[in-house]
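Residues per chain, in single letters:
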Amino acid sequence: MGKEIFERVAESIERDKDWIPENPKYSAFDLVKKEKRKPMTCRQLWTTTVVNWEGSILPCCAVYSERYAFGNIFEEPFVKIWNNQNYRLARKEIVGKIEKSPTVCHICKENDFLHF
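Remember, predicted model here, so these are calculated numbers, not experimental data. Along each chain, the written sequence defines residue order, and numbers are assigned to residues from 1. Only residues with pLDDT of at least 70 get local features here, since the model is predicted, and only at 80 or more are side-chain atom pairs given and counted; chain-wide, interface and lining totals rely on the full set of residues. Hydrogen atoms and water are omitted, and side-chain values are computed over all heavy atoms in the structure.

**Some remarks on the packing of aromatic side chains**
Here the aromatic set is Phe, Tyr and Trp, taking the six-membered ring for Trp, and pairing holds for ring centres within 6.5 Å; pairs whose planes are under 30 degrees apart are stacked, those over 60 apart are edge-to-face, and all others are tilted. Inspection of every chain in the model, using the stated rule, returns three aromatic pairs. For the ring pair Phe70 and Tyr87, a centre distance of 4.7 Å and an interplane angle of 85° mean the geometry is edge-to-face. With Phe70 in the loop between strand S4 (56-58) and strand S5 (71-72) and Tyr87 in helix H4 (residues 85-94), this pair connects stretches of sequence that are 17 residues apart. Think of it in three bands: residues with accessible area under 20% of the maximum for their type are buried, residues over 50% are exposed, and the middle band is partly exposed, with areas taken using a 1.4 Å probe on protein chains only. Its relative accessible area of 0% is what places Tyr87 among the buried residues. Taking 5.0 Å as the distance between ring centres and 50° as the angle between the ring planes, the aromatic pair formed by Trp82 and Tyr87 counts as tilted. Taken individually, Trp82 and Tyr87 each receive the classification buried, so the pair is uniform in this respect. Counting every residue linked through ring pairs, the aromatic cluster contains Phe70, Phe78, Trp82 and Tyr87. We count a charge as sitting over a ring when the NZ of a lysine or the CZ of an arginine lies within 6 Å of the ring centre and within 35 degrees of the ring normal. Sitting above the plane of the Trp82 ring, Arg91 keeps its charged end 4.7 Å from the centroid. Going along the chain from the N terminus, every DSSP run of H or I of four or more residues is numbered as a helix, and every run of E of two or more is numbered as a strand.

If you want it as structure tokens, here you go:
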């Protein structure tokens, strides 16, 4: 995973349709409408983080480029990064308090790939 958050759901479904279960009981996607079956909410920003080898802190495992890092563990303490402006803005966007944060989480939300 990784590239999916940078493309629309319909594009991902078209590319991966042979691997997506047709039975709605086992799939989050509607293969006919080419969309998610129901809106999903990302919990990653409150429960998970990723630390890359060079110290970059990323909001989830779908993002691995330091370009989208929320901070660097070698430059500041984790607790400071966990509560910094990037995390706060991304969390506000996910819960609907703001429309467009300058974070990778906005791209993911805009493309309908909130974690499921």
